[in-house]
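Here are the chains, one letter per residue:
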Amino acid sequence: SASSTQMVEQLDVEVPTYRFHDGVVEIPGARQRVVPGEPYLPVLTVERTLPRGATVTDIAVDVERSTWVELDGHLAVPSLMGGNSPIPNSFSASDYYPAGLSLAIERLSPGGRGSTVGVSLIPVQYNPATGKIRIWTKVALRITYNVPDTGIAVSSLSADKGSYSPSESVALTANVSNVGAARSVDAWARLYNGRTGAPLGERELRHGLTIPAGASTQALSLPLAGFGASLEGKQVRVELQLYDGTNGDLLGSGETTIVVADEAAPSAPVGLRAYPADRSVALSWQPCPEDDVWTYRVYWGTSQSSLGNIAEVPALAPQHTVSGLKNLATYYFAVAAVDLAGHEGARSQVVSAVPAVYCYLPLAMR
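Model, not experiment: these values are computed from the prediction.

Draft legend 1. The arrangement of the overall build of the protein chain in detail. The number of helices and strands found in the protein chain is zero helices and 26 strands. Sequence separation of at least 24 residues holds for 70% of the intrachain contacts in the protein chain that already meet a minimum separation of 6. Put simply, the protein chain shows about 17100 Å² of open surface, and 52% of that area lies on carbon and sulfur atoms. Measuring between centres, the 26 positive side-chain charges of the protein chain sit 4 Å from its 34 negative side-chain charges.

Here's what the structure looks like:
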């Protein structure tokens, strides 16, 4: 019988932005799971192409390489009769639900160019007792599978630089090993959103590429212009796939990551709010809709015309607390978004706040 090799691949799925509105966490590209008596939960599906004949033996989460943020709030729970009334005891009211990151193999479909494995995951957990919503901003997946030996492997793949304009071509360098005789292969590139894992398109790079026996270095060119606007402003995972020129079997693959810049700056953040406290002001705003927002810049000062203080805030956490302020002084704040290419968008509206020691009386004493 033919021999096989156990392979382990890392697949990082990132949630670059999200929106929490009316008890629902909305994530671009995710569908909502609606089960009466359970919270609304977004479901992401990512795909990976494995060699034809591959058998997936395990899909696991590398928690140490994964990251999450927590929000205060409550998820809506659809009822059997409509509306959002929770059904008692339908899920735990004191622990996070789901208890862990929910994963499932959605499909493993063989095709002429390998087997496509679809993995569905729920990157949100909810604790109704504490009112905490945990959003996994990066899920590091580990896929283990057995694959028939093909004799060809891509040991590394690199690009000539890290960032490209949408009209450029990527110069790829692949180090390939071949334990058998020289073979003719077809080289293809599959592109994925580097954060969400969503497919962005594919292109044949070379038909009838000869892979000599032993180790070799292959130079390939990937034009980006034909993909249109789908790549602009995104971190793109490029997967090189080598197919048997005779029967179309996937023989080996490798990947690298690039950034495709855009020329448009992000929109101005909206919904900026300021919450003063003792010598500090907490700020929050709505995430910008563009999926290439990399960071937010918070500006503040004691005059609307002179916001000379700047803080950088990760795009996944649209909130920031400015500390070390003087009580009873008026401070002004604004926020701007910055994309992967370094373009800074327009600033939000300016809001003001006065830090102080605030005392809140119970309603009965007012």
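Draft legend 2. Region of the structure containing the sheet that holds strand S19 (residues 250–260). One open sheet holds the five strands; their spatial order is S13-S19-S18-S15-S16, and the pairing between them is mixed. One side of each edge strand has no neighbouring strand; the edge strands of this open sheet are strand S13 (163–164) and strand S16 (199–211). Bridge count for S13 against S19 is two bridges, and the pairing is parallel. Residue pairing for S19: Tyr164 is matched across the bridge by Val260.

Draft legend 3. Examining the pairing of strand S20 (residues 273–277) more closely. The sheet contact formed by S20 and strand S21 (residues 280–284) spans five bridges and is antiparallel. The residue bridging Ala277 from the neighbouring strand is Ser280, located in S21. Connecting S20 to the next strand, S21, in antiparallel fashion are two residues, including Arg279 with a positive phi near 60 degrees.

Analysis parameters
- Residues numbered from 1 in each chain as written.
- Predicted model: local features only at pLDDT ≥ 70, side-chain atom pairs only at ≥ 80, totals over all residues.
- Heavy atoms only, no water.
- Helix = DSSP H or I, 4+ residues; strand = E, 2+ residues; numbered from the N terminus.
- Contact = heavy atoms within 4.5 Å.
- Areas by Shrake-Rupley, 256 points an atom, 1.4 Å probe, with all protein chains shown as cover.
- Lys, Arg positive; Asp, Glu negative; His and termini not counted.
- Charge placed at Lys NZ, Arg CZ, Asp CG, Glu CD.
- Pairing = 2+ DSSP bridges.

So yeah, pure geometry; function would need other evidence.
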